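So you can see what is in the structure, the chains are spelled out below.
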Amino acid sequence: ATHMLPDLMVDQVQKFTLYAPDEVASVEYTDKGWMVVKPLSDRADAETIESYLSDLKVQTTEEVPIDGAISWSKYGFDQPSHQVHVTFKNGKSEK
């Protein structure tokens, strides 16, 4: 198993955006703390946000050995249904 974001440090995250098929949600760290900035503007629960980011750090991927070519679209894996885009305070980002 490979960690997807092994170097993620929660205190270094500036913003993250969740992309789902029918919606986009974005949360940003400001001088007021964590704020939801999309689809609305409101305070976010810091404990929930930091827990979510910590969970992202430990998420893993598995490689599956295959023989020959495989049609990922046949299994619905050609396009991800959800994506997370993380922007760090230093300006770098990860998807």
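Below is a short write-up of the structure. (Residues numbered from 1 in each chain as written. Predicted model: local features only at pLDDT ≥ 70, side-chain atom pairs only at ≥ 80, totals over all residues. Heavy atoms only, no water.)

## Re a negative patch on the surface
Selection rule: Residues with no salt bridge and a relative accessible area higher than 30% make up the patches, which join like charges within 9 Å and nonpolar side chains (Val, Leu, Ile, Met, Phe, Trp, Tyr) within 5 Å. Accessible surface area values rest on a Shrake-Rupley calculation with a 1.4 Å probe, where residue burial reflects the displayed protein chains alone. Salt bridges are counted wherever a side-chain nitrogen of Lys or Arg sits within 4 Å of a carboxyl oxygen of Asp or Glu. Charged residues are defined narrowly, with Lys and Arg counted positive, Asp and Glu counted negative, and His plus the chain ends left uncounted. By convention, the charge on Lys lies at NZ, on Arg at CZ, on Asp at CG and on Glu at CD. Where helices and strands are cited, they refer to DSSP runs of H or I of at least four residues and of E of at least two residues respectively, numbered from the N terminus.
A cluster of like negative charges, contributed by Asp11, Asp45, Glu47 and Glu50, occupies part of the molecular surface. Within the secondary structure, Asp11 sits in the loop between strand E1 (2–3) and strand E2 (13–20).

## Thoughts on unusual backbone geometry
Going from Lys38 to Pro39, the amide bond is cis rather than trans, its omega being 10°. Topologically, Pro39 is positioned in the loop between strand E4 (33–38) and strand E5 (42–43).

## As for the environment of Thr61
Spelled out, the test is: Partly exposed residues are those whose accessible area sits between 20% and 50% of the maximum for their type, while under 20% is buried and over 50% is exposed, using a 1.4 Å probe and protein chains only.
Counting through the fold element by element, Thr61 comes out in strand E6 (residues 60–61). When its relative accessible area of 37% is taken as the criterion, Thr61 is described as partly exposed. For the pair Thr61 and Thr17, spaced 44 residues apart in sequence, the C-alpha to C-alpha distance is 20 Å.

## As for the packing of aromatic side chains
Note the following rule: Only centres within 6.5 Å qualify two rings of Phe, Tyr or Trp (six-membered ring in Trp) as a pair; their planes then separate them into stacked at under 30 degrees, edge-to-face at over 60, and tilted for everything else.
For the coordinates displayed, the defined rule picks out three aromatic pairs. On the numbers, 5.5 Å between centres and 20° between planes, the contact of Phe16 with Tyr52 is stacked. Of this pair, Phe16 sits in strand E2 while Tyr52 sits in helix H1 (residues 46–58); the two residues are 36 residues apart in sequence, bridging distant segments of the chain. Of the residues examined, Tyr52 reaches a relative accessible area of 31% and is grouped as partly exposed. Chaining the aromatic ring pairs together yields one cluster made of Phe16, Tyr29, Trp34 and Tyr52.

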